[in-house]
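This is what each chain is made of:
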Amino acid sequence: MSKQPVYEARGISKNYGNVIALDNVDFSVAAGEVVGLVGDNGAGKSTLVKALSGAHKPDAGALYLDGQPVEWNSPHDALERGIETLYQDSSLAPDLSVSANVFLGREEVVPGFWGKLGFLANKSMDARARQELEKVGIAVPSSSRSVAKLSGGQRQAVAIGRAVTWATKVIILDEPTNHLGARQSAEVLHVIKQAREKGLAVIFISHTLPHVLEVTDRIVVMRLGRVAVDAPTSTFTPDSLVKAITGFEVVAS
Amino acid sequence: MTSETKGMPLTLQSSPVRSGRNERLKEFATRQETLLFAVFALMVLVFSLVNPRYFSTAAFGNILQDFGPVMLMAIGQTLVILTGGIDLSVGALLGLSGVSAALAIRATTSSGMDPAMSIGIGIVAALAVGAFVGLVNGLLITRVKLAPFIATLATMGACMGTTLVITGGVQIAGAPKEVVLIGNTRFLEILTTPLVVVLVLLVIAWLSLSRTRFGRRTYAIGSNPFAARVAGINVNRHLMKVYVIAGLLAAVAGLFVYFRLGSGSPASGRGGELQSIAAAVIGGISLVGGVGRVTGTALGALITASVLSGLILIGIEPNAQQIVVGALIAFAVAVQGIGRHNSRA
Ligand SMILES: Nc1ncnc2c1ncn2[C@@H]1O[C@H](COP(=O)(O)OP(=O)(O)O)[C@@H](O)[C@H]1O
Ligand SMILES: [Mg+2]
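(A) Region of the structure containing the overall build of chain A. Looking only at helices and strands, one finds ten helices and ten strands in chain A. Taken over the C-alpha trace, chain A has a radius of gyration of 19 Å; the compact-globule value for 253 residues is 18 Å, and the two agree within 12%. With respect to the principal axes defined by its C-alpha atoms, chain A has extents near 65 × 40 × 35 Å. By the burial criterion, 55% of the 253 residues in chain A qualify as buried. Of all intrachain contacts in chain A linking residues separated by at least 6 positions in sequence, the fraction that spans at least 24 positions is 63%. With an accessible surface of roughly 10800 Å², chain A has 52% of that area assigned to carbon and sulfur atoms. Measuring between centres, the 26 positive side-chain charges of chain A sit 4 Å from its 27 negative side-chain charges.

(B) Region of interest: helix α3 (residues 90-110) of chain B. Residues and elements named next belong to chain B. Taking 1.5 Å of rise per residue, 21 residues should cover 30 Å, and α3 covers 30 Å from first to last C-alpha, within 8% of that figure. Across the 21 residues that make up α3, a large majority, 16, are buried. In the segment just after α3, Gly 112 is the residue with positive phi, at about 90°.

(C) Examining the coordination of the magnesium ion (ligand 2) more closely. Residues and elements named next belong to chain A. The protein atoms donating to the magnesium ion (ligand 2) are Ser 46 (OG) and Gln 88 (OE1), with metal-donor distances spanning 2.1 Å. Separated by 42 residues along the polypeptide, Ser 46 in helix α1 (residues 45-53) and Gln 88 in the loop between β6 (83-86) and α3 (98-102) bring together distant segments of the chain. Taking relative accessible area as the criterion, Gln 88 reaches 39% and is therefore assigned partly exposed.

(D) Representation of the nonpolar core. Of all hydrophobic cores here, the largest spans 82 residues; its most connected members are Leu 96 of chain A together with Phe 67, Met 71, Leu 72, Ile 75, Ile 282 and Ile 303 of chain B. Among the elements that make up this core, the one with the highest residue count is helix α2 (residues 57-82) of chain B (13 residues). With residues up to four places along the chain from it excluded, the contact list for Phe 67 of chain B reads Leu 195, Val 198, Ala 298, Ala 301, Leu 302 and Ala 305 of chain B. Listed in part, the 45 residues of the second largest apolar core include Leu 120, Ala 163, Ile 171 and Val 221 of chain A.

(E) Region of interest: the sheet that holds strand β4 (residues 60-65) of chain A. All names here are of chain A. With antiparallel pairing, the four strands of this open sheet are ordered in space as β2-β1-β4-β5. Each edge of the open sheet carries a strand with a single partner, namely β2 (19-30) and β5 (68-70). Between one strand axis and the next, the sheet turns through 25° on average, direction left out of account. Both β4 and β5 contribute to a ladder of three bridges, which runs antiparallel. Bridge assignment links Tyr 64 to a residue of β5, and that residue is Pro 69. α1 rests against β1 (5-16), β2 and β4 of the sheet, and its axis sits at about 60° to β2.

(F) Representation of the confidence of the model for chain B in the model. Scored by pLDDT, chain B has a mean of 87; 88% of the residues are at 70 or more. Note that residues 1-9 of chain B has pLDDT below 50 and, in this model, 14 contacts with residues that lie over four places away or in other chains.

(G) Representation of the side chain of Thr 177 of chain A. Residues and elements named next belong to chain A. Within the fold, Thr 177 resides in the loop between β7 (170-174) and α7 (182-197). The exposure class of Thr 177 is buried, given its relative accessible area of 9%. Setting aside its immediate chain neighbours within four residues, Thr 177 contacts Gln 156, Ser 185, Val 188, Ser 206, Thr 208 and His 211.

(H) Region of the structure containing the pairing of β7 of chain A. Residues and elements named next belong to chain A. In terms of residue burial, β7 counts as a mostly covered element, since five of its five residues are buried. Burial along β7 is two-sided: the residues Val 170, Ile 172 and Asp 174 and Ile 171 and Leu 173 are all buried. Pairing of β6 with β7 involves four bridges; the strand directions are parallel. Of the residues in β7, the one forming a bridge with Leu 86 is Leu 173. In terms of strand pairing, β7 meets strand β8 (residues 201-205) through five bridges, oriented parallel. Within β8, the position partnered with Ile 172 by the bridge is Ile 203.

(I) Unusual backbone geometry, seen in detail. Not every positive phi belongs to a glycine, and Leu 224 of chain A is a case in point at roughly 50°. Assignment of secondary structure puts Leu 224 of chain A in the loop between β9 (218-223) and β10 (226-232). According to the relative accessible area criterion, Leu 224 of chain A is exposed, its value standing at 75%. Although it is not a glycine, Leu 188 of chain B adopts a positive phi angle of roughly 50°.

(J) Geometry of the packing of aromatic side chains. Under the counting rule described, the total for this entry stands at six aromatic pairs over all chains. Measuring from ring centre to ring centre gives 5.2 Å for Tyr 87 of chain A and Phe 226 of chain B, while their planes differ by 80°; the resulting arrangement is edge-to-face. With Tyr 87 of chain A in the loop between β6 and α3 and Phe 226 of chain B in helix α9 (residues 225-230), this pair bridges two chains. A ring pair is formed by Tyr 258 of chain B and Phe 259 of chain B, whose centres lie 5.8 Å apart and whose planes are at 80°; its orientation type is edge-to-face. For Tyr 258 of chain B, a relative accessible area of 2% corresponds to the buried category. Aromatic rings pair up to connect Phe 113, Trp 114 and Phe 119 of chain A into one cluster.

(K) Layout of the pattern of salt bridges. Residues and elements named next belong to chain A. All told, the structure shown has 16 salt bridges over all chains when counted by the stated rule. For the salt bridge of Glu 8 with Arg 10, the shortest nitrogen-to-oxygen distance reads 3.2 Å. Take Arg 10: its relative accessible area is 40%, and that puts it in the partly exposed class. One continuous salt-bridge network, built from bridges that share partners, spans Glu 33, Arg 218 and Asp 230.

(L) Layout of the interface of chain A and chain B. Each partner contributes residues to the interface: chain A has 49 residues there, and chain B has 36 residues. Between chain A and chain B the total buried area reaches about 3700 Å² when both faces are included, carbon and sulfur atoms providing 60% of it. Summed over the shared surface of chain A and chain B, the number is eleven residue pairs in polar contact (both at pLDDT 80 or more). Listed by contribution, the elements that provide at least two residues to the side of chain A that touches chain B are α2 (75-80), α5 (122-135), α6 (152-166) and α7 of chain A. The biggest single contributor to the side of chain A that touches chain B is α7 of chain A, with six residues. Classifying every residue of the side of chain A that touches chain B by side-chain character gives 26 nonpolar, 13 polar and ten charged.

Quick notes on the rules
Residues numbered from 1 in each chain as written. Chains lettered and ligands numbered in written order. Predicted model: local features only at pLDDT ≥ 70, side-chain atom pairs only at ≥ 80, totals over all residues. Heavy atoms only, no water. Helix = DSSP H or I, 4+ residues; strand = E, 2+ residues; numbered from the N terminus. Rg over C-alpha atoms; globule rule 2.2 N^0.38 Å. Buried < 20%, exposed > 50% of the residue type's maximum accessible area, 1.4 Å probe, protein only. Contact = heavy atoms within 4.5 Å. Areas by Shrake-Rupley, 256 points an atom, 1.4 Å probe, with all protein chains shown as cover. Lys, Arg positive; Asp, Glu negative; His and termini not counted. Charge placed at Lys NZ, Arg CZ, Asp CG, Glu CD. Expected span 1.5 Å × (residues − 1). Donors = N, O, S within 2.8 Å, 3.2 Å for Na, K, Ca; no water. Core = buried A, V, L, I, M, F, W, Y, C linked by side-chain atoms within 4.5 Å. Pairing = 2+ DSSP bridges. Axes fitted to C-alpha atoms, helices over the stretch in contact; angles between N-to-C directions. pLDDT = per-residue confidence, 0-100. Phe/Tyr/Trp six-rings, centres within 6.5 Å; stacked < 30°, edge-to-face > 60°. Salt bridge = Lys/Arg side-chain N within 4 Å of Asp/Glu carboxyl O. Buried area = accessible area lost by both parts, 1.4 Å probe. Polar contact = N/O pair within 3.5 Å; in protein donor to acceptor, adjacent residues only side chain to side chain. Nonpolar A, V, L, I, M, F, W, Y, C, P; charged D, E, K, R; others polar.

As structure tokens, this is what we get:
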């Protein structure tokens, strides 16, 4: 890779009790690059995502943003530096409205005295949420509608929209096309391409290998908590990718 | 499903929203509070039929005097339940902070201090006790990672024990006459100064929950704590605030009762946890968190207080009150369950 990575992880390890979820993992992504992260269930993808997003602290290893070492004590720290994450587990508050979810943790307050007391600027947040979501191609019928009343696909759309809205450097999407139909998945791939055009670094996790081959520039294959292969997408065929994931390439060829 | 938007819109618009949906939602919500009010009116009617004295300004004034401490505890309980927790310590804390104020005031007045100063010290003592117990609740839940149910059960026991130890189990009398005057002088027929304090705190709670960032985050944490955390919210710090506020409100409730009676009774606050939970769940606060409004809680507290007064007026022994409050909670939760089932279907 000729490009300087914008975000890099070196030697990341993480255990859950006896389970070694991550074992000395190196990972990097550059601006304007889409990296696919693939591997069987339990390979450690989501655990790596959580280390990158500050949702938990790895047991060992170091993170570098723009070449500088960084340390996350909470997801807040990573968000502040422009790293947005769509988690595999739902990260929306179902009882709140679409716009409240888009602005969760970043609520805008009214100007002046009432703002100092924390009074919310709901109108402006509703309008901005609708605007930002439309910008990434998500049409919101009513941004004051509660998320619990949306379908699974619609919720996923809001979560993706939120990540795209706030990301300024890195966007991590952990199985964003889960529970989505073919058409909706195509739309997510379109959003990913848009993010790349904006110059964001994108990490895309999926089990749908044709999607990964279509949209990524590079693919990192994880197996049992380790990086098994890290190579440009152009070097993979559908078959060789499956073999890299299952680890049977020698036997099969 | 057609779309009018450009590009490749994601799926939000794939099921178009019927216009006026919002209005109808609001209407339904108001109806829920209307329903609560109807229940309240019906109760007043039934109690009045049994005992005509129930339907009088004087009796309503008395209901409001019962309503005060229940409402205060219920505001705190609402905050806590909205975050997905529960606070079993509020009743015992009412008792402890009440007797703390009584002891502080008795000690300072007997050493010759000016009553106003002494009352001020009593108020500070009660609030300090409330904040401290709230802080302990918060620490047990966020640092020791105890379930709120267990943490506040433990502090409930500790508060009860401390109350008995510091009072020797007897009433703490000897309040300066100003105390009873403040607590019982009525204006506009039914109001007292402590009741005005309760109403002001209720308005503040309503504004905070419905209009501010603090309220928004309280709902978010109860709705999905993981979502709140990964959105960058400091969930533990927020929970600490919520439990400290609940403790402070229980202390204000303790002061309310002290000012009303002019003495600190180790028995006051008994059953307060049940009453405040009843007020909240009758008012539509969901026990799983994230759903409900404090305006509902206010009506729930009014209903709970009316039941308590009504039971006494129709001659049911005070010890049977707990049974009725328990039944109210079970009934309200069951009704909530049915409602939720329908609306989520
Ligand atoms: N919170 C947790 N507690 C215990 N074990 C976990 C936890 N999260 C993940 N694991 C384990 O860590 C390993 C990696 O999981 P994960 O990162 O979710 O894999 P993937 O996302 O690739 O499917 C699995 O063996 C999983 O069971
Ligand atoms: Mg996963």
